[in-house]
Amino acid sequence: MNSTEFREFGKAAIDLMADYYDSIRTRDVLPSVEPGYLLKMLPESAPEEPENWKDVLKDFNEAIIPGITHWHSPQFHAFYPTAVSYPGIVGGLLSDSLAVIGFSWMSSPACTELEVVTMNWLGKLLGLPEEFLNCSDGPGGGVIQGSASEATLVGLLVAKNKTVHRLMVNDPSLKEGEINAKLVAYTSDQCNSSVEKSGLLGSMKMRLLKSDADGRLRGETLKNAFEEDRAQGLIPCYVIANLGTTGTCAFDPLYELGPVCKEANVWLHVDAAYAGSAFICPEYRVLMKGVEYADSFDFNPHKWMLVNFDCSAMWVKNGYDLINTFDIQRIYLDDVKTNIKIPDYRHWQIPLGRRFRSLKLWTVLRIYGAEGIRSHLRNQISLAQHFAKLVRADDRFLVEPEPSMGLVCFRLKDGDSATRKLLENLTEKKQIYMVAATYRGRYIIRFVVCSHLTTREDIDISWKIIKEEVDMIVTPTLHTKTQIPALGHIDIKSLCEKSK
Ligand code: PLP
């Protein structure tokens, strides 16, 4: 493909995707395909001869789009959001087009330095303590990881390395293997699956401690767990606190967990994957009270902050802890001597290679501005509150726990099986997508305001779809199906014409 065709292909693809977003409300959120549908449609082997880009786009439209779950449909209320925005897409396009690998400063100076700059900007916007910033006097700094899962694992490996070295310095007769076998990590029973997985990957026993009735891990629980383990000869090493749990968006009190970790010399990592974006709005910072005790902090701009996946922002108070864990030298990597202020980011992460992710963050921060991002977050929270009000006005439902950020959990008073049936029926109809959780032993449905396109009218449509299904379950005679227009059609030919 030459640059002329690249221009045509690229312009047509952008037109196609702009039309996709303009018409996203015409599609069911869940696709109507069976497992294996694409395997049947596509050839078994790669083409021998080059094909035309127009045929690729045609097949994208006819084979790929029908198998897409539309994460950015305003009726997508499952999990937590994954971000998309036009500035984020263009930032990603620029990064993909440059296609550099920024494992060291020399391998692409702008790749490293833009990451330093944007992570300082972002850390300041969140109101993180100075110590986490590269622009402070200390050895702190930020790095963009691929996911919150990776950040949790990085924290675990660093905590492990640090603890082993500290104990061996104190008592040189100790063997590394013996210490490793005794290390324990702690989090709450509300943690994300990725947190538990980090224990598996890092070969560290992970205890999921009982959360309180509001889904929060309390300081006293953590302290007792440390004492129990120490009594058995085990060594507390790593704690993962959750700010915004996956199930109900509960916030662990860092001001309770922090002092317990500090006293025990245990690394405290904060997983604020979804809810961390909200700290850009000063009114929510009270929920991270005690963050000064943390050794590492991570949240995902790729969830709620309009930066396309992947972009997980992690800060540490001491970058040398990472370097001491991950620095492995080779002659081909021995280039310009850098320092903690101009990091060789390969020592701050698991892989060697790394993409120019900060371009996405940079474009989003500049094109929205901090105020634009704040107003997006506040708007999404107010839409969740609007939904909660609609649910509360219907006395067949209960909203519980209290809505948190863009998440509203609710259930039918008729009981768990009615709530489960409601969710199953709705999922089968494909017009709206939500998932379940449990709260105080009850089955609940999670409704998250996910799409950045969501308006109040979209929330009203989602509520209408839910309400009509409940009318069928509870009072079967009242049902009229909500009219969602049929699958939209994107005209590839005219797009190809437009791009010329
Ligand atoms: N932590 C929490 C609290 C989450 O809710 C999620 C995903 O929703 C994760 C971690 C995992 O995030 P990632 O997919 O970036 O690894």
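**Here we look at the overall build of the protein chain**
Here comes step 1: Each helix and strand counted, the protein chain has 16 helices and 11 strands in total.
Here comes step 2: What you see for the protein chain is a C-alpha radius of gyration of 25 Å, in line with the 23 Å of a compact globule of 500 residues.
Here comes step 3: The burial tally for the protein chain puts 52% of its 500 residues in the buried class.
Here comes step 4: The contacts in the protein chain between residues at least 6 apart in sequence include a share of 74% that link residues at least 24 apart.
Here comes step 5: In the form shown here, the protein chain has an accessible surface area of approximately 22900 Å², with 55% of it arising from carbon and sulfur atoms.
Here comes step 6: Of the side chains in the protein chain, 56 bear a positive and 63 a negative charge, and the two mean positions are spaced by 3 Å.

**Notes on the packing of helix 6 (residues 148-170) against helix 12 (residues 319-326)**
Here comes step 1: Where helix 6 meets helix 12, the closest approach of the two axes is 9 Å, and the angle between their N-to-C directions is 80°. By the angle class used here, helix 6 and helix 12 are roughly perpendicular. Residues Val 154, Leu 157, Val 158, Asn 161 and Lys 162 of helix 6 form the contact with helix 12, whose participating residues are Asp 321, Leu 322, Asn 324, Thr 325 and Phe 326.
Here comes step 2: Each residue belonging to the contact of helix 6 with helix 12 can be placed in one class, and the counts come to five nonpolar, three polar and two charged.

**Considerations on the site of the ligand**
Here comes step 1: Close to the ligand lie 13 residues; Ala 148, Ser 149, Thr 246, Asp 271 and Asn 300 are nearest.
Here comes step 2: Here Asp 271 contributes a side-chain N or O atom positioned 2.6 Å from a nitrogen atom of the ligand.
Here comes step 3: In isolation the ligand offers 390 Å² of accessible surface; the protein chains occlude 86% of this area.

**Some details on the sheet that holds strand 5 (residues 267-271)**
Here comes step 1: On the basis of which strands lie adjacent, the open sheet formed by seven strands has the order 1-7-6-5-4-2-3 and mixed pairing. Strand pairing shows two members of the sheet lacking a second neighbour, strand 1 (141-145) and strand 3 (205-209), which therefore form its edges. Across the sheet, the mean angle from the axis of one strand to that of its neighbour is 20°, orientation sign disregarded.
Here comes step 2: Relative to strand 4 (residues 235-242), strand 2 (residues 183-188) runs parallel, the two sharing four bridges. What sits directly across from Leu 183, in strand 4, is Ile 235.
Here comes step 3: Against the sheet, helix 8 (residues 193-201) touches strand 2, strand 3, strand 4 and strand 5, its axis set at about 155° to strand 3.

**Observations concerning the sheet that holds strand 11 (residues 442-448)**
Strand pairing in a sheet relies on backbone hydrogen bonds, with the paired strands running either antiparallel or parallel.
Here comes step 1: Read from one edge to the other, the open sheet built from four strands follows the order 8-9-11-10, with strand pairing classed as antiparallel. Looking at which strands have only one partner, the edges of the open sheet turn out to be strand 8 (397-399) and strand 10 (435-439). Strand-to-strand twist of the sheet, defined as the mean angle between neighbouring strand axes without regard to direction, takes the value 40°.
Here comes step 2: The pairing of strand 8 with strand 9 (residues 407-412) spans three bridges and is antiparallel. Looking at strand 9, one finds that Leu 398 is bridged to Arg 411.
Here comes step 3: Here helix 14 (residues 416-429) sits on the sheet in contact with strand 8, strand 9, strand 10 and strand 11, set at roughly 35° to strand 11.

**Side note on the domain arrangement of the protein chain**
A common way to express how large an interface is: the accessible area buried when the components associate.
Here comes step 1: Looking at the assigned domains, one finds that the protein chain contains domain 1 (3-68), domain 2 (94-365) and domain 3 (374-499).
Here comes step 2: Taken together, the contact pairs 20 residues of domain 2 with 20 residues of domain 3.
Here comes step 3: Roughly 1600 Å² is buried in total at the junction of domain 2 and domain 3, and carbon and sulfur atoms are behind 64% of that figure.
Here comes step 4: In this structure, the connection of domain 2 to domain 3 is made through two salt bridges.
Here comes step 5: Residues Arg 440 and Asp 214 are paired through a salt bridge, measuring 2.9 Å at the closest nitrogen-oxygen approach.
Here comes step 6: Of the residues that constitute the side of domain 2 that touches domain 3, the class distribution is 14 nonpolar, four polar and two charged.

**Let's talk about the pattern of salt bridges**
Here comes step 1: Scanning all chains against the criterion turns up 24 salt bridges.
Here comes step 2: Between Asp 471 and Arg 396 there is a salt bridge; the shortest N-O distance is 2.9 Å. Residue Asp 471 is located in helix 15 (residues 456-474), and its partner Arg 396 is located in the loop between helix 13 (358-392) and strand 8; the two are separated by 75 residues in the primary sequence. For the pair Asp 471 and Arg 396, one class covers both residues: buried.
Here comes step 3: The salt bridge involving Arg 411 is made with Glu 400; its shortest N-O contact spans 2.9 Å. Within this pair, whereas Arg 411 is found in strand 9, its partner Glu 400 is found in the loop between strand 8 and strand 9, the two being separated by 11 residues in sequence.
Here comes step 4: By relative accessible area, Arg 411 is classed as buried at 9%.
Here comes step 5: Accessibility expressed as a relative area gives 23% for Glu 400, which makes it partly exposed.
Here comes step 6: Among the charged side chains, a network of salt bridges with common partners joins Asp 96, Asp 310, Arg 355, Arg 357 and Lys 360.

Here is what the cut-offs are and how they apply
- Residues numbered from 1 in each chain as written.
- Predicted model: local features only at pLDDT ≥ 70, side-chain atom pairs only at ≥ 80, totals over all residues.
- Heavy atoms only, no water.
- Helix = DSSP H or I, 4+ residues; strand = E, 2+ residues; numbered from the N terminus.
- Rg over C-alpha atoms; globule rule 2.2 N^0.38 Å.
- Buried < 20%, exposed > 50% of the residue type's maximum accessible area, 1.4 Å probe, protein only.
- Contact = heavy atoms within 4.5 Å.
- Areas by Shrake-Rupley, 256 points an atom, 1.4 Å probe, with all protein chains shown as cover.
- Lys, Arg positive; Asp, Glu negative; His and termini not counted.
- Charge placed at Lys NZ, Arg CZ, Asp CG, Glu CD.
- Axes fitted to C-alpha atoms, helices over the stretch in contact; angles between N-to-C directions.
- Parallel < 35°, antiparallel > 145°, perpendicular 65-115°, else oblique.
- Nonpolar A, V, L, I, M, F, W, Y, C, P; charged D, E, K, R; others polar.
- Near = heavy atom within 4 Å.
- Polar contact = N/O pair within 3.5 Å; in protein donor to acceptor, adjacent residues only side chain to side chain.
- Pairing = 2+ DSSP bridges.
- Domains from an automatic or database assignment.
- Buried area = accessible area lost by both parts, 1.4 Å probe.
- Salt bridge = Lys/Arg side-chain N within 4 Å of Asp/Glu carboxyl O.

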